[in-house]
Amino acid sequence: MRHTITAIVEDHPGVLARVAGLFARRGFNIASLSVNETHREGLSRMVISVDGDERTLEQITKQLHKLIEVRKVFDHVDNDVVERELGLIKVSADARSRPEIIQIVSIFRAQIVDVAEEMVTVECTGGSDKVDALIRMLRPFGIKETARTGRIILVRGPKEG
Amino acid sequence: MRTTGAKALVAELNSQGMHVAFGIPGGVLIPLFDELLAAEKRGDLHTILVRHEQGAAHMADGFARASGRVGLCIATSGPGATNLVTGIATAYMDSVPILALTGQVRTASIGTDAFQEADIFGITMPIVKHNYLVKSAADVPQILVNALHIASTGRPGPVLVDLPMDVATGEFEYVAPTGPDLPGYRPTVKGNARTIRRAAEVIAQAKRPLLYLGGGVILSNASDQARQLAEKLNLPTFTTLLGKGAFPETHTLALGMAGMHGCAYANLAVAECDLLIALGARFDDRITGNLAKFAPTAGVVHIDVDPAEIGKNVPVTVPIVGDCKSVLQDLIPLLKARAEDEWNRRCQELKETYPLRYEHSDEVIMPQLVVEQLYRATKGDAIVVTGVGQHQMWSAQYYRCTRPRQFLSSGGLGTMGYALPAAIGAQVACPDALVLAIDGDGSFQMNSQELATAVQEHLPVKVAILNNGYLGMVRQWQDMFYDKRYSGVDLAASPDFVKLAEAYGAVGLRAERPEEVPEVIEKALKVEDRPCVMDFRVAREANVMPMIPAGKSVDEMRIE
């Protein structure tokens, strides 16, 4: 099962390596990772998607708490969340296939952000499932490249996370 | 006040109570060693020159285990720092508080593959509790305070501080730190009152409870409380390798050490108990064997300062996160006294039916005999330090400990070569104590160069080598499971350890027959101003018994 964990960490050199190293040496497979500054100075938010069962998730969370530079950990298991990801997808597209691609893009409320004779680049924002689905729909046309940000999450309502 | 990184470092070490360092200088450390010399002259900090940085790390470790204080080792950049790695990993696995200070190339050179540069910060990340690369001299005082706080609190562990040369010489305006500045670090000391009450209920209902004491009891200085608990409830009690001494092994309730090479009666008691009260222990595989078959009928009350250990290997009935001593102080008053009962009698019966045994010989020195005689001659009162292997297990089985910080052994990492340097560290921490290293001929050769350190510092450590000419534990496995296909275990061409000791200026003694053993020990105990090596030529193919092979359970325990 895929779980998403948020860690609020002190923005020091090496903190990303520390967290990534922790996951690697305990055999937790990172599916995606996003790190960025937060509105609070000196603190960064790491949003990490991992594959594993409940026990694995529990161990990951506990081990993360042990890192000195980790201030908070949210496992989102019981949370109602807003979850988003951004994907850029470069698809083969010629004059004949472009209209259909444009149709699909419009259905997904995505955007075409680059166009050339042989291809278009599509930008899609939404839940990770939505980005997955768009990629599936575009696959028959020939996907040249994809770049995804990985999932980020904020808890709904006033609670922190 | 204007000061430099190096001056501030030494001053801060001093004000934090660090008065000994073990290390070796190098190019980038010369500014620091200049300050260490000044500190030496002021009588503030004694720096002990070792012969291999691994020795320095084990010395800091032995110092810490024997005293409860943070041990300090110092190494230069590049190879000096990398030579500390095994010692740091050893301390990490056994939760030992040490501070490793490494020199580093100038900040501007970092990442350029400079001379003697190594990314020790990156290399040690997985094996330290935390580490720091100091970027500016002004950061030194706070980082030191933080580092020592991290090393010595919560679940202790090694902390590394990497100090670039220009940071050591860099000048700044000193501002005294007011205390640790670690907003993300809040170890739990006091246990949750509700779970403690629940634990008391569960314990009261148990018919066959067993007390399981790990190294955490010693780290928490909780052995008095552990004993109170055991005696109030008449609990049969066993320890792990690292918990030896947490409870007196001469006590009627004591079941000795359990686990792979633990006493058979301890393992059998675990299989029959209905409640395991685990204190400061982590259910390591050397204790549990096959997890699916471990303590099949037992509930578990697990008390530990590290929440990540609770429920990691074994499902827990009542988890309590907190410092062992504090939790016991809250828990014991809630418990009603228990009289001795059927269960106590059963454990006593197991003890009498399955005692530790070995085949005696009049012709050949049995290794177990050496440990027994050392135990008697030292009145069970020495600080015992071991290497890793068969000799380590025999030492654990036959040297009964009665107080904490008496048995120093690399349990988690299992580091050969630990004994001599750790014994040196222990002797420095406890100058009036009798420090006895029991080592193997293989383990001893890994850090024998530290005899020079012991001689230079006039440290009367005793080293008893159980010399069988083999890497004994591996040979035993090849004997038991690979049809005696001995591969890579024959230690031929070992030096004459007596001559080696004398070459260093230490005392060397040898016994080749059983009747020679007592006199060698007696002579060794009289040496007061230098180390003494005792070369005991023991039976070559003795096996450590009992044994629960890896991944197996107590029903497959072999008694001989």
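Residues numbered from 1 in each chain as written. Chains lettered and ligands numbered in written order. Predicted model: local features only at pLDDT ≥ 70, side-chain atom pairs only at ≥ 80, totals over all residues.

Across its full length, chain A carries four helices and nine strands. Reading the secondary structure of chain A in the N-to-C direction produces β-α-β-β-α-β-β-α-β-β-α-β-β. The C-alpha extent of chain A, read off along each of the three principal axes, is 55 × 35 × 30 Å. For chain A, the proportion of its 161 residues judged to be buried stands at 24%. Intrachain contacts of chain A at a sequence separation of at least 6 include 71% that bridge at least 24 residues. (Helix = DSSP H or I, 4+ residues; strand = E, 2+ residues; numbered from the N terminus. Buried ≥ 20, exposed ≤ 12 C-beta atoms within 10 Å, placed from the backbone. Contact = placed C-beta atoms within 7 Å.)

All names here are of chain B. Reading across from one edge, 11-10-9-12-13-14 is the order of the six strands in this open sheet, with parallel pairing throughout. Each end of this open sheet is capped by a strand with a single partner; those strands are strand 11 (254–257) and strand 14 (318–321). This sheet shows a mean twist of 15° between the axes of neighbouring strands, independent of strand direction. Against the sheet, helix 11 (residues 223–233) engages strand 9 (209–213), strand 10 (237–239) and strand 12 (275–279), with an angle of about 170° to strand 9. (Pairing = 2+ DSSP bridges. Axes fitted to C-alpha atoms, helices over the stretch in contact; angles between N-to-C directions.)

The subject of this paragraph is the domain arrangement of chain A. All names here are of chain A. By the assigned domains, chain A splits into domain 1 (2–74) and domain 2 (81–153). Here domain 1 and domain 2 have C-alpha centroids that lie 29 Å from each other. The interface of domain 1 with domain 2 comprises seven residues on the first partner and five residues on the second. Only strand 1 (2–10), strand 2 (29–37) and strand 3 (43–51) provide two or more residues apiece to the side of domain 1 that touches domain 2. When residues in the side of domain 1 that touches domain 2 are grouped by element, the largest group, three residues, is from strand 2. Across the side of domain 1 that touches domain 2, the residue classes tally to two nonpolar, five polar and no charged. (Domains from an automatic or database assignment. Nonpolar A, V, L, I, M, F, W, Y, C, P; charged D, E, K, R; others polar.)

Right, let's get into the interface of chain B and chain A. With 13 residues of chain B in contact, the opposing surface of chain A contributes 14 residues. Taken together, the residues of the side of chain B that touches chain A break down into nine nonpolar, three polar and one charged.

This part is about the pairing of strand 7 (residues 159–164) of chain B. All names here are of chain B. For strand 7, a buried count of six out of six residues is recorded, marking the element as mostly surrounded by other parts of the structure. Burial of the side chains of strand 7 extends over both faces: Val-159, Val-161 and Leu-163 are buried on one face and Leu-160, Asp-162 and Pro-164 on the other. One ladder, built from six bridges, connects strand 5 (residues 98–104) with strand 7; its direction is parallel. Bridge pairing links Gly-103 to Leu-163 in strand 7.

The next subject is the confidence of the model for chain A. Here chain A averages 94 in pLDDT, while 100% of its residues score no lower than 70. In the model of chain A, helix 2 (residues 54–66) of chain A stands out as the element of lowest mean pLDDT, 91, in contrast to strand 7 (residues 119–126) of chain A, which has the highest, 98. (pLDDT = per-residue confidence, 0-100.)

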